[in-house]
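Letter by letter, the chains look like this.
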Amino acid sequence: MKRRFSGDPGGAPHRTHDLASDRAADLAGLGFAAAFRAIKAVRPVRPIHPRGISLVGELNLTGAAGRAAAGLPAASGIAWLDDAGTFQVRGRFSRSVGLPESLPDILGLALRTSGALGAAGAGDIPGVGDGADVGDVLFASTGWGVPGRFILLPKLDVGSARFTTLMPYRGASGPVLLGLRTLSLPGRATGRADTGGNFKESLGTEDWTLALHYATPAGRWVPAGVLHLRAAASDAGHADGAERDGRDSASTDTAIRFDPLEHPLPGAGTYPWARRLRERSYRAARRPSPRIIAAPDPAGSTAADRISATRRQGPADERNTMSTVTQVFNSPASAVWRVIADGWLYSGWVVGASRIRDVDAQWPAVGSLLHHSVGAWPLLINDSTKVTAADPGRQLELIARGWPIGEAKVIITLEDLGEQCRVTMSEDAVRGPGLAVPKALRDPMITVRNRETLQRLELMAAGGAGA
């Protein structure tokens, strides 16, 4: 009996401990997967990290010899860290939850590295392939000390954020965490962790420089290299227009599926419990959705494709499935349209909109944006509304954003009755947590709000408001 429990690696106590760890990891993994499936039901395309900036750059690793020369611990136990060299990198900076950019969010930084520059075939990192020479590593904003390095931490300032791998790699000498901290931001960067404004613009011209570290779970951080990142050519300089909503463009960079299990770093193993935690979540996040509502246009779709899809859908049929209110105004359609066409009046008649921050000069042309705030001071959320279809004087179709609540599609139709007009307003949630509210509850709430909206619109039209 003593020999059986004497510390033999194959002994029963170890097997029992491993079994318990596996079961705990399985249960946690199932929980994470269920959470991902719930998020995916309301955000089908990207359940997490919905907005991001595609990045390119270089990673300079000092290697074990360089660290030893500097009087630092030499061997990390991970071959990738212990070999000196300069590596090409592709990556993606993102906000994990997708909260409005005026609020803190858990920041993510995914990286893919390939062979050292100067080696045969180096500098060509596969964008979406499964090349044997690539390695993926995922970082998230956390604390830097213990236990903070194992706790996700929402941040608003990217310069002060610390990033870790959260879960350790399995090195030759035991568990190893990787960490990043900012050394310098581009000169024009304000520091705010946005994905569609100043930070993206500044990365188009200057580098974001970070220090790479490694540590044991409770040990001190050891400098291991320097990372230089900048916006990929497809993303650089696109803070407005098509990129204003913060989504990175449909390029090779954004098509990368960063997966540290599929593409491990050389010499960096994965603990079984960590793999069990991650695998189910990855599968749930990447499983095709049976129904995608208001998904972005697929890469390569043409204007003709989008028009054809709209015709097949049919706006009249669509309104039958949306919350719809109708009211006859004692004003001609032209007077009502003048109010709608003046974007600066939006907060005067749309219930929930508290102020207007900016209006595109082309409003209400297709593609134009109206930047508004929703809520009551001081709890205001800044977001935007975009025109997706317009028939001047007759109909306007909008996508109104109000994250973290989500997005709604709104169709306003004017029917000319001479000195009067019939105004119909149809609305429903199309993305975000609002979709989780059952339609039987969602429709009455939208109906009550839009009845008040139409009453306000009628008063403004009758009063002669509008350009």
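Sequence order as written defines the numbering, with residues in each chain counted from 1. Under the rules for a predicted model, residues below a pLDDT of 70 receive no local features and side-chain atom pairs below 80 are neither given nor counted, while totals for whole chains, interfaces and linings still include all residues. The side-chain figures draw on all heavy atoms in the structure; neither hydrogens nor water molecules are used.

**Q** Could you clarify how one ought to interpret the pattern of salt bridges in this entry?
**A** If charged atoms from side chains of opposite charge come close, those side chains can pair. In the sections that follow, a salt bridge refers to a side-chain nitrogen of Lys or Arg positioned within 4 Å of a carboxyl oxygen of Asp or Glu. Counted by the stated rule, this structure contains 15 salt bridges. Its salt-bridge partner being Glu58, residue Arg230 comes within 3.0 Å of it at the nearest N-O pair. Linking Arg230 in strand S9 (residues 222-231) with Glu58 in strand S1 (residues 51-61), this pair joins segments that are 172 residues apart in sequence. Burial classes: relative accessible area under 20% of the type maximum marks a residue as buried, over 50% as exposed, and values in between as partly exposed (1.4 Å probe, protein chains only). With a relative accessible area of 25%, Arg230 lands in the partly exposed category. Between Lys439 and Asp428 there is a salt bridge, with its nearest N and O atoms 2.9 Å apart. Of the two residues, Lys439 is situated in helix H10 (residues 439-462) and Asp428 in strand S16 (residues 420-431); the sequence distance between them amounts to 11 residues. Lys439 gets classed as partly exposed once you look at its relative accessible area, which sits at 32%. Through salt bridges that share partners, Asp383, Arg401, Glu407 and Arg431 make up one connected network. Here a strand is any run of E in DSSP of at least two residues, a helix any run of H or I of at least four, and the numbering for each starts at the N terminus.

**Q** What is the right way to read the nonpolar core from this model?
**A** Residues Phe93, Leu109 and Trp208 are the most contacted members of the largest nonpolar core, which totals 37 residues. Residue contributions to this core peak at 5 residues, all from S9. For this analysis, a nonpolar core means a set of buried residues of the types Ala, Val, Leu, Ile, Met, Phe, Trp, Tyr and Cys, connected via side-chain atoms within 4.5 Å. With 29 residues, the next largest nonpolar core counts Val339, Ala400, Cys421 and Leu454 among its residues.

**Q** Looking at this structure, how should I read the packing of aromatic side chains?
**A** The geometry of two aromatic rings is summed up by the distance between their centres and the angle between their planes. Each Phe, Tyr or Trp ring, with Trp reduced to its six-membered ring, pairs with another whose centre is within 6.5 Å; inter-plane angles below 30 degrees give stacked pairs, above 60 give edge-to-face pairs, and intermediate values give tilted ones. Under the definition given, this model contains 6 aromatic pairs. Judged by centre distance (5.4 Å) and plane angle (80°), the ring pair of Phe93 and Phe199 falls under edge-to-face. Here the residue Phe93 occupies a position in strand S2 (residues 85-95), and Phe199 occupies one in helix H4 (residues 198-203), the gap between them amounting to 106 residues. The class of Phe199 is buried, set by a relative accessible area of 0%. Judged by centre distance (4.3 Å) and plane angle (20°), the ring pair of Trp144 and Trp221 falls under stacked. In this pair, Trp144 sits in the loop between strand S4 (135-142) and strand S5 (162-164) while Trp221 sits in the loop between strand S8 (208-215) and S9, placing the two residues 77 residues apart along the sequence. Using a relative accessible area of 11% as the deciding quantity, one classes Trp221 as buried. One aromatic cluster in this structure is built from Phe93, Phe163, Phe199 and Trp208.

**Q** Any chance you could explain the packing of helix H8 (residues 333-341) against H10 here in plain terms?
**A** Axes are the key here: two packed helices are described by the angle between their axes and the distance separating the axes. Axis definition: a line fit to C-alpha positions, over the contact stretch in the case of helices; interaxial angles, taken between N-to-C directions, run 0 to 180 degrees. Between H8 and H10, the least distance of the axes is 9 Å, while the angle of their chain directions is 110°. Classified by the angle between their axes, H8 and H10 sit roughly perpendicular to one another. Residues Ala335, Val336, Val339 and Ile340 of H8 lie in contact with H10, whose contacting residues are Leu457, Met460 and Ala461. Following the grouping adopted for this structure description, the nonpolar residues are Ala, Val, Leu, Ile, Met, Phe, Trp, Tyr, Cys and Pro, the charged ones are Asp, Glu, Lys and Arg, and the polar ones are all others, Gly among them. The residue inventory of the contact of H8 with H10, partitioned by class, reads 7 nonpolar, no polar and no charged. Under this scheme an angle from 65 to 115 degrees is roughly perpendicular, one under 35 degrees roughly parallel, and one over 145 degrees roughly antiparallel; angles in between are oblique. Contact criterion: two residues are considered in contact whenever any of their non-hydrogen atoms come within 4.5 Å of each other.

**Q** Is there a simple way to explain the side chain of His372 in this structure?
**A** One can find His372 in strand S12 (residues 369-376). Think of a polar contact as two N or O atoms within 3.5 Å of one another; within protein, one of them needs to be a possible hydrogen donor and the other a possible acceptor, and neighboring residues in sequence only count if both atoms come from side chains. For His372, the side chain forms a polar contact with the main-chain oxygen of Ser384, separated by 3.5 Å. Residues in contact with His372, not counting those within four places in the same chain, are Tyr346, Arg355, Ile356, Arg357, Ile381, Asn382, Asp383, Ser384, Thr385 and Arg401.

**Q** Just checking my understanding: could you explain the pairing of S16 for this structure?
**A** S16 sits mainly inside the fold: 10 of its 12 residues count as buried. A pair of strands is considered paired only if DSSP assigns at least 2 bridges between the two. As paired strands, strand S10 (residues 323-329) and S16 are joined by 7 bridges and run antiparallel to one another. Directly across from Thr324, in S16, lies its bridge partner Ser426. Taken together, the 11 bridges between strand S15 (residues 407-417) and S16 define a ladder with antiparallel strand orientation. Paired with Val410 across the bridge in S16 is Glu427. Linking S15 to S16, which pair antiparallel, is a turn of 2 residues; within it Gly418 sits at a positive phi near 85°.

Read these as spatial facts, not as claims about activity.
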